[in-house]
Amino acid sequence: MTAFRTALTDLLGIDVPILQSGMNRVAGPEMAAEVSNAGGLGILAALRLGGEELRRQIRRLRELTDRPFGVNHWLHPEVQTPVDPETIPEERIREVQGTLNHFRQRLGLPESWSRPPGLPDVLDEAFEVVLEEKVPVWSVGVGDPGPERVRRCQERGIKVIAMATTVEDSKALAASGVDAIVAQGGEAGGHRSVWAKGRPPEASAVGTLVLVPQVVDAVSVPVIAAGGIVDGRGLLAALALGAGGVMLGTRFVATRESMAPDAWKRAVLERDGSETTLTNAFTGLYGRVVRNTFADEYAASGTPPLPALIHYHAAQDIYGTAASKGEGGYFPLYSGQGIGLIHDLPGAGEVVTRIVEEARAAGFVLKSILQGS
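Model, not experiment: these values are computed from the prediction. (Residues numbered from 1 in each chain as written. Predicted model: local features only at pLDDT ≥ 70, side-chain atom pairs only at ≥ 80, totals over all residues. Heavy atoms only, no water.)

With that out of the way, let us pick up the overall build of the chain. The helix and strand inventory of the chain stands at 16 helices and 11 strands. Taken against the 2.2 N^0.38 rule, which gives 21 Å for 373 residues, the C-alpha radius of gyration of the chain at 20 Å falls within 12% of a compact globule. The C-alpha extent of the chain, read off along each of the three principal axes, is 65 × 45 × 40 Å. When each of the 373 residues of the chain is scored for burial, the buried share is 57%. For the chain, the proportion of contacts with a sequence separation of at least 24, taken over those separated by at least 6, is 70%. On the chain, roughly 14700 Å² of surface is accessible, and the fraction owed to carbon and sulfur atoms is 51%. (Helix = DSSP H or I, 4+ residues; strand = E, 2+ residues; numbered from the N terminus. Rg over C-alpha atoms; globule rule 2.2 N^0.38 Å. Buried < 20%, exposed > 50% of the residue type's maximum accessible area, 1.4 Å probe, protein only. Contact = heavy atoms within 4.5 Å. Areas by Shrake-Rupley, 256 points an atom, 1.4 Å probe, with all protein chains shown as cover.)

Attention now goes to the packing of helix α6 (residues 123–132) against helix α7 (residues 146–155). α7 packs onto α6 with a crossing angle of 25 degrees between their chain directions and a minimal axis gap of 10 Å. It follows from the interaxial angle that α6 and α7 lie roughly parallel. In contact with Leu123, Asp124, Phe127, Glu128 and Leu131 of α6, α7 contributes Arg149, Arg152 and Cys153. Here the residues of the contact of α6 with α7 are counted per class, giving four nonpolar, no polar and four charged. (Axes fitted to C-alpha atoms, helices over the stretch in contact; angles between N-to-C directions. Parallel < 35°, antiparallel > 145°, perpendicular 65-115°, else oblique. Nonpolar A, V, L, I, M, F, W, Y, C, P; charged D, E, K, R; others polar.)

Per the stated rule, a full pass over the model turns up 10 aromatic pairs. Aromatic pair Phe127 and Trp138: ring centres 4.7 Å apart, planes at 45 degrees, arrangement tilted. Here Phe127, found in helix α6, pairs with Trp138, found in strand β4 (residues 137–141); they are 11 residues apart in sequence, far enough to count as distant. Each member of the pair, Phe127 as well as Trp138, is classed as buried. Geometrically, the ring pair formed by Phe282 and Tyr319 is tilted, given 5.7 Å between the ring centres and 50 degrees between the ring planes. Here Tyr319 lies in helix α15 (residues 316–325) and Phe282 lies in the loop between β10 (276–279) and β11 (287–290), a separation of 37 residues in the sequence. (Phe/Tyr/Trp six-rings, centres within 6.5 Å; stacked < 30°, edge-to-face > 60°.)

Phi at Lys134 takes a positive value of approximately 50 degrees, unusual for a residue other than glycine. For Lys134, the position within the fold is in the loop between α6 and β4. For Val142, which is not glycine, the phi dihedral falls at a positive 55 degrees. Along the chain, the position of Val142 falls in the loop between β4 and α7. Val142 gets classed as buried once you look at its relative accessible area, which sits at 4%.

Counting through the fold element by element, Arg149 comes out in helix α7. Here Gln80 takes part through its side chain, which lies 2.9 Å from a polar atom of the side chain of Arg149. With near-sequence residues (within four places) excluded, Arg149 lies in contact with Leu75, Gln80, Leu123, Asp124, Phe127 and Trp138. (Polar contact = N/O pair within 3.5 Å; in protein donor to acceptor, adjacent residues only side chain to side chain.)

Let us now look at the environment of Pro110. Position of Pro110 among the secondary structure elements: in the loop between α5 (90–106) and α6. Residues Pro110 and Leu366, 256 residues apart in the sequence, show an inter-C-alpha distance of 59 Å.

All right, on to the packing of helix α8 (residues 167–175) against helix α9 (residues 208–218) then. It is at 10 Å that the axes of α8 and α9 come closest, and there the two elements cross at 35 degrees. For the pair α8 and α9, the crossing hand works out as right-handed. Of the residues in α9, those touching α8 at Val167, Ser170 and Lys171 are Leu211, Gln214, Val215 and Ala218. Broken down by class, the residue content of the contact of α8 with α9 amounts to four nonpolar, two polar and one charged. (Left-handed = near helix turned anticlockwise from the far one by under 90°.)

This part is about the nonpolar core. When a protein is soluble and globular, its nonpolar side chains tend to lie buried together. Core analysis: the biggest nonpolar cluster contains 103 residues, and Leu54, Trp264 and Phe294 have the highest contact counts within it. What Trp264 contacts, discounting residues up to four positions off in sequence, is Met23, Asn24, Arg25, Val26, Val253, Phe331, Pro332, Leu333, Tyr334 and Ser335. Leu12, Leu19, Met163 and Met247 belong to the second-largest nonpolar core, a separate cluster that totals 14 residues. (Core = buried A, V, L, I, M, F, W, Y, C linked by side-chain atoms within 4.5 Å.)

One open sheet holds the eight strands; their spatial order is β1-β9-β8-β6-β5-β4-β3-β2, and the pairing between them is parallel. The outermost strands of the open sheet, each flanked by one partner alone, are β1 (18–20) and β2 (42–45). On average, adjacent strands in this sheet sit at an angle of 30 degrees to one another, irrespective of strand direction. Note that strand β6 (residues 180–184) and strand β8 (residues 223–226) share four bridges and pair parallel. By the bridge assignment for β8, Ile181 is matched with Val223. Sitting on the sheet, α8 is in contact with β5 (159–164) and β6, with an inclination near 160 degrees to β5. (Pairing = 2+ DSSP bridges.)

Here we have three strands laid out as an open sheet, ordered β7-β11-β10, and antiparallel in their pairing. Bordering the open sheet on either side are β7 (190–191) and β10, each of which pairs with just one other strand. With two bridges connecting them, β7 and β11 associate as antiparallel partners. What sits directly across from His191, in β11, is Gly287.

This is the structure:
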C-alpha cells in the first residue's frame, strides 16, 4: 500500500489515495466501512438526513470500522435555502405533473396534479451533528461550504473536501479554506457540482484529463480526480496529472454493499459510456445518467423541471415504483462514462484492493516502456 502514499493520504490518514463518493441511494454505512477497512476513504451519503438519523448512521459506521471515513452533504443554494412549493405558479405545477402522468399511466399509478412537498430543512442540524460527532472528513458536493463552516470543522480536527467542475469554482473553494478539492470531470456520473445560477451544463463538462492539471496548477491544496475513473489505470493516470488521489462513484454503484436498485446495477454492468447523457429531468439539477425512457421523453416534452429536488419529490412515486418493479426505464440511473469498463459485482473493499494492484501493474509496465526494456 505504501507505494501509493501521497500528501492526500497523509492529510486524510488513509493508506491508499482512493475515495468512494457519497452518492445518494448508494452509499450507506456498510459500503463506507468496507472501503475504509480496505485502506481508502468511505463516505456516507447524508443528503436529506435529519440530525438524529445522521447520528445513528455515523455511529453504525463506527461500529463497522475504526478507520477514517467521511460524510457527504450538498450545499446547493436551493438545498441550503429550500424553495417553498407554495410560491411555484399553479400552471407550472400542472405542466410538470401532466408530463409525469404519462409515465404514471405506464407504471399503473394514479394520476397526480398535486403540489409536491417542500424539502426538509435539515442541513443546519445535520451539520451540527457532523461537528459534534467529530467526523474525520466532511465531503461537500454541489456547493461551497464557505469560510465559516470550514473554520468550525477545522477547529475540531475535521478535514473538509469539496467538489468543483471548473477552475473558477476550484479557486473559490480554495479561498474558503478547504483542505482538498475534488476536480469533477465531465465524464463523471451523478450530479454536476455546479451551483451558480444560469451556467449552462456545457460550462461544467470539461474532461477529467484536461480539468485535473488545470486545477492542480490553480490551487495549493491537494486535488482529487473524479470522472471516468474505474480501475488502476485511471488511478495511475490521475497521479501522473498531479492529483493526490481519485474519487470513484459509478464503480461503487456496482458492488455488493451498494444500496442501488438492481436495475441500476444492471445498467452499470450492461450498458456503455456512449449511452449516457446529461439531464435535469430527474431532480431539476443536471447530472449524468444512463439514457432511458424517462430521460429521453421528458427532454422531448420540453417541460421545464421544478426547482432543485422539489422536482424529485414530484416524481418520487414514479421512481419508487420503477425501482420496486425492476423497471430501469423510469428510474434515475446515475452513471459515468466509465460504465463500459465495469463488468462484475465485487465487494466495495475488493474494488479498492484491486485498483491498487492494477495501478502497480500498470506502473511497472509504464516504467519498463520508459526505460526501453
